[in-house]
Amino acid sequence: MSWPPSPDLLAPLAPWFDQMRRALPWRATNLDAPHPDPYAVLVSELMLQQTQVATVVPYFTRWMDRFPTPRALAETDEDTVHKAWEGLGYYRRARFLKAAAGSIAAEGWPGDLDGLAELPGLGPYSAAAMGAIAFQWATPALDGNAFRVLARLLLIAGDPKVRAAELRTWLAPALEAHGPSRMTQAIMELGATACTPAPACGTCPLADRCGAHRAGRTGDIPPIAKRAKAKESALWLVALEAEGQVLLHPPSAKGLLAGLWRWPALDATALTPQLTAQSPRPIIAWPGWTQVYTHRREAVSPLHIRLDARFKPAGGLRWVLREGLADLPLGRRDQRLRDLLPTPGQTPLSAPDPRALVKACAAPSE
Ligand code: SF4
């Protein structure tokens, strides 16, 4: 194939997408005009960062019912916004979305790609996708799926990301020719459905012109990036309850878990379990699980211990009414223990001494 090939190479994608596209609640019916609700595109773009389409759909629908406009979202308090995001993970996206909504409510939508990229939470990819899908700008959006499709189609060996600028220049005329929104979503759709890491080339509208397919190189284009080994840790996730209240860390203002309440999580290697037959009070446990994060895996052992009286907690912990738990935004791991509390658990054979758990959560003078 001579370089650069004609962007017409992508032409079969447009009718394929018109016919095959999945009905997603944020997609406009008319792909030849600007989207009737750019805010819906913004919400979907933020939710789709790091999260699968099938998970996002019900969240998106509830979110749009609850916060139908940028102003409605901007005027809602942060706890309520986090609560609505609960379960989607990567909670700073919720704060970015609220901040972006505030900016849009105050100043209107930006008029160009640079302005979109300045909205909180929109990196170069999301801004370009917004530009194309919401406003019909010929702003090529390259995410992992798009890089994979284009690398294979154009038989690009090596990491296609190093050729991002060149690929954007190549893609822009195809966006102009077939409609920026249609072509952007068509590439995304192909990457999500047919041109997956193990591609289904038999269903692909580009199979007759795809360099990697014709060369039998779909297995090594693009090369698989080596992942750093995830860090492993083990912890006791503890619900200490006394006088109708439970002990939690209130939300911090910064960091990955900003805005979220958390259970005390105690290093399992520092608190050795003992036989619970010797325990001074009953301990309830449920089967543990592995919580997987991008670069980390936690072996979580959930526990519930009832105490007779509250104690003065260590700085950074607070007693809250157990009946108010459902209204607090919690991350996925901590939600899981909250949801276990009303279910029957078991007395484990061994667990840490509750006095050691209390000591780890109590103010130094206790
Ligand atoms: S033919 Fe196969 S490898 Fe090429 S773009 Fe289509 S699905 Fe991807």
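For clarity, every value in this text was computed on a predicted model and none was experimentally measured.

Rules behind the numbers
Residues numbered from 1 in each chain as written. Predicted model: local features only at pLDDT ≥ 70, side-chain atom pairs only at ≥ 80, totals over all residues. Heavy atoms only, no water. Helix = DSSP H or I, 4+ residues; strand = E, 2+ residues; numbered from the N terminus. Polar contact = N/O pair within 3.5 Å; in protein donor to acceptor, adjacent residues only side chain to side chain. Contact = heavy atoms within 4.5 Å. Salt bridge = Lys/Arg side-chain N within 4 Å of Asp/Glu carboxyl O. Buried < 20%, exposed > 50% of the residue type's maximum accessible area, 1.4 Å probe, protein only. Domains from an automatic or database assignment. Buried area = accessible area lost by both parts, 1.4 Å probe.

S.K.: Which parts of the structure should I look at to understand the side chain of R93?
M.R.: Of note, R93 is situated in helix α6 (residues 92-107). Within polar-contact distance, the side chain of R93 engages the backbone oxygen of L88 at 3.0 Å. If near-sequence neighbours (up to four positions away) are discounted, R93 is found in contact with L46, M47, L48, Q49, Q50, T51, W85 and L88.

S.K.: Which parts of the structure should I look at to understand the environment of I283?
M.R.: Assignment of secondary structure puts I283 in strand β5 (residues 283-285). As a C-alpha pair, I283 and P348 span 65 residues in sequence and 7.3 Å in three-dimensional space. When sequence neighbours within four positions are dropped, the list of residues in contact with I283 reads T276, L303, H304, I305, Q346, T347, P348, A351, P352 and P354.

S.K.: Honestly, the pattern of salt bridges in this entry has me stumped. Any pointers?
M.R.: Two side chains carrying opposite charge are able to pair once their charged atoms lie near each other. Under the counting rule described, the total for this entry stands at 20 salt bridges. Residues E189 and R22 are paired through a salt bridge, measuring 3.1 Å at the closest nitrogen-oxygen approach. Here E189, found in helix α11 (residues 180-193), pairs with R22, found in the loop between α1 (13-20) and α2 (38-48); they are 167 residues apart in sequence, far enough to count as distant. Residue classification places E189 among the buried residues on the basis of a relative accessible area of 2%. Put simply, R322 and E241 hold a salt bridge, and the shortest N to O gap is 3.0 Å. You can see R322 sitting in the loop between β8 (318-321) and α13 (332-340) and its partner E241 sitting in strand β1 (residues 231-242), a full 81 residues away along the chain. Look at the salt bridges and you will find they share partners, linking K83, E86, R338 and D339 into a network.

S.K.: Help me out: how do you make sense of the domain arrangement of the protein chain in this one?
M.R.: How big an interface is tends to be reported as the loss of accessible area on association of its parts. Examined at the domain level, the protein chain breaks down into domain 1 (7-214) and domain 2 (231-361). The gap between the C-alpha centroids of domain 1 and domain 2 is 38 Å. Taken together, the contact between domain 1 and domain 2 spans 10 residues of the former and 15 residues of the latter. Here domain 1 and domain 2 share an interface that buries about 990 Å² over both sides, 45% of which is from carbon and sulfur atoms.

S.K.: Explain unusual backbone geometry here, please?
M.R.: Trans is the common state for peptide bonds, and a negative phi is the common state for residues other than glycine. Between I221 and P222 the backbone carries a cis peptide bond, its omega angle lying at -10°. Residue Y90 is not a glycine yet carries a positive backbone phi of 45°. Counting through the fold element by element, Y90 comes out in the loop between α5 (78-85) and α6. With relative accessibility at 37%, the residue Y90 sits in the partly exposed group. Within the chain, E243 stands out as a residue other than glycine whose phi angle is a positive 50°.

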